[in-house]
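# Coordinates in review
Here is what each chain is made of, one letter per residue.
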Amino acid sequence: MHTEGTHGEGTAFKATDTLLFIGDSITDAGRDRTDSASLGSGYVNEIARTLHERTTGGPGPAVINRGINGNRVYDLEARWTTDVIAHRPTVVTVKIGINDTWRRYDSGLASPVDEFEACLDGLLAGTARELPAARLVVITPFLLPVTAEQEDWFEDLTPRTEAVLRAAEANGAQLVRADLAMRQARERYEAAELARDGVHPSPAGHRIIADAWLAAVGSAVVTPVPRG
């Protein structure tokens, strides 16, 4: 595995691949918890739909969404074995970090950056050991401030994002720079058009994340299962 930016050339998926996404509410995107196949209405669903459209002769790779709203990195750690490893995915994408910052400001709940980084690093390293053939993908957290108070969050979020980058690099994970993609999109949209509260993406915001993921990780086509 190797690290690529948002404009890197992705590798073709096979129709037999299983793509698993895990994270907080941005990944969850309102999925139906009673339906294991539910993908929600966000970037995971957009990615699945696009890959299906690109597939010739089949449904495309399986896609699993295991995002849960409100999660911090420690919540992922608590459910990683059952929600990630047990599914034996071939591609694991994790997006986490904004709640670790947000809870500091709205609840006084600290998530020291060094502890956050150690936890994320451990999850990625453990996955590489348990699933050595799996590709690891990390999506950076982002914030598009819509209030003056949110501008202060960068004091916590900027070093946390740097920690995400280090953990990804240390474990050979591909990078999806959602923070840069959303910042670039601000040239065309108002912040609230991309994320009404600065955090949760609008449909346009989710599509930007999906496109960044596809540019970094996906390829133009999906290889069908050979016949015969």
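In this report, the structure presented in the accompanying data block is examined. (Residues numbered from 1 in each chain as written. Predicted model: local features only at pLDDT ≥ 70, side-chain atom pairs only at ≥ 80, totals over all residues. Heavy atoms only, no water.)

## Things to note about the overall build of the protein
Our working definition: Helical segments are the DSSP runs of H or I of at least four residues, strand segments are the runs of E of at least two, and each set is numbered from the N terminus. Put simply, the radius of gyration uses C-alpha atoms, and a globule should come to 2.2 Å times the residue count raised to 0.38. Contacts are assigned to residue pairs with any non-hydrogen atoms lying within 4.5 Å of each other. By the counting scheme adopted, Arg and Lys are positive, Glu and Asp are negative, and His together with the chain ends is not counted. For this purpose, a charge sits on NZ of Lys, CZ of Arg, CG of Asp or CD of Glu.
For the protein, the helix and strand inventory stands at ten helices and seven strands. At 17 Å, the protein has a C-alpha radius of gyration in line with the 17 Å of a compact globule built from 228 residues. Considering only residue pairs separated by 6 or more positions, the protein has 80% of its internal contacts joining residues 24 or more positions apart. Each charge class in the protein was averaged separately, 23 positive and 32 negative side chains, and the resulting centres sit 6 Å apart.

## Brief notes about the nonpolar core
What counts is decided by this rule: Residue types Ala, Val, Leu, Ile, Met, Phe, Trp, Tyr and Cys, when buried and joined through side-chain atoms within 4.5 Å, form a set referred to as a nonpolar core. Between buried and exposed lies partly exposed: a residue is buried under 20% and exposed over 50% of the maximum accessible area for its type, with that area taken using a 1.4 Å probe on protein chains only.
In terms of nonpolar packing, the biggest core is built from 37 residues, with L19, F21, Y43, I47, V176 and W213 touching the most fellow members. Counting only elements with at least two residues in this core, the list comes to β2 (18-23), α2 (43-54), α4 (98-106), β5 (135-139), α8 (178-185), α9 (191-194) and α10 (203-216). If one sorts the elements of this core by residue count, α10 sits on top with seven residues. Setting aside its immediate chain neighbours within four residues, F21 contacts T27, Y43, V44, I47, V63, I64, N65, R66, G67, T93 and W213. W80, L123, V164 and A173 belong to the second largest nonpolar core, which has 27 residues in total.

## A short note on the packing of aromatic side chains
What counts, and what does not: In summary, the pairing rule links any two rings of Phe, Tyr or Trp, Trp by its six-membered ring, whose centres are within 6.5 Å, and it sorts them by plane angle into stacked for under 30 degrees, edge-to-face for over 60 and tilted for everything else. For a Lys NZ or an Arg CZ to count as sitting over a ring, it must be within 6 Å of the ring centre and within 35 degrees of the ring normal.
Scanning all chains against the criterion turns up five aromatic pairs. A ring pair is formed by F21 and Y43, whose centres lie 6.0 Å apart and whose planes are at 80°; its orientation type is edge-to-face. One end of the pair, F21, is in strand β2; the other, Y43, is in helix α2, and 22 residues separate them in sequence. Y43 carries the same exposure label as F21, and that label is buried. Summarising the aromatic geometry, the rings of W102 and W153 are spaced 5.5 Å apart at their centres and angled 40° between planes, so their arrangement reads as tilted. One end of the pair, W102, is in helix α4; the other, W153, is in the loop between α6 (148-151) and α7 (154-170), with 51 residues separating them in the sequence. Across the pair, exposure class does not vary: W102 and W153 are buried alike. Through a chain of ring-to-ring contacts, three or more aromatic side chains come together here, namely F13, F21, Y43 and W213. Lying across the ring of W102, R103 places its NZ or CZ 5.1 Å from the centre.

## Section: the pairing of strand β3 (residues 62-67)
Defined as follows: Paired strands are those between which DSSP finds at least two bridges.
Counting buried positions over the six residues of β3 gives five, a clear majority of the element. Pairing analysis gives six bridges linking β2 to β3, with the strands arranged parallel. The partner of G23 across the bridge, within β3, is G67.

## Concerning the side chain of N99
Here N99 shows up in helix α4. Here N99 falls in the buried class, since its relative accessible area comes to 3%. With near-sequence residues (within four places) excluded, N99 lies in contact with D24, G70, N71 and R72.

## A word on the packing of α2 against α10
Relative placement of two packed helices is described by the angle separating their axes and the distance separating the axes. Keep this limit in mind: Helix axes are fitted only over the stretch in contact, all axes being lines through C-alpha atoms; the angle between N-to-C directions runs from 0 to 180 degrees. For classification purposes, angles smaller than 35 degrees are called roughly parallel, those larger than 145 roughly antiparallel, those between 65 and 115 roughly perpendicular, and all remaining angles oblique. Handedness of each helix crossing follows the sense of rotation of the near helix against the far helix: counterclockwise by less than a right angle gives left-handed, clockwise gives right-handed. Under the scheme applied, nonpolar residues are Ala, Val, Leu, Ile, Met, Phe, Trp, Tyr, Cys and Pro; charged residues are Asp, Glu, Lys and Arg; polar residues are all the others, including Gly.
It is at 8 Å that the axes of α2 and α10 come closest, and there the two elements cross at 50°. The angle between the axes of α2 and α10 places the two elements in the oblique class. Of the two elements, α2 crosses α10, and the hand of that crossing is right-handed. Mapping the contact onto sequence places Y43, E46, I47, R49, T50, L51 and R54 in α2 and H206, R207, I209, A210, W213 and L214 in α10. For the contact of α2 with α10, the residue count by class is seven nonpolar, two polar and four charged.

On their own, these measurements won't tell you what the molecule is for.
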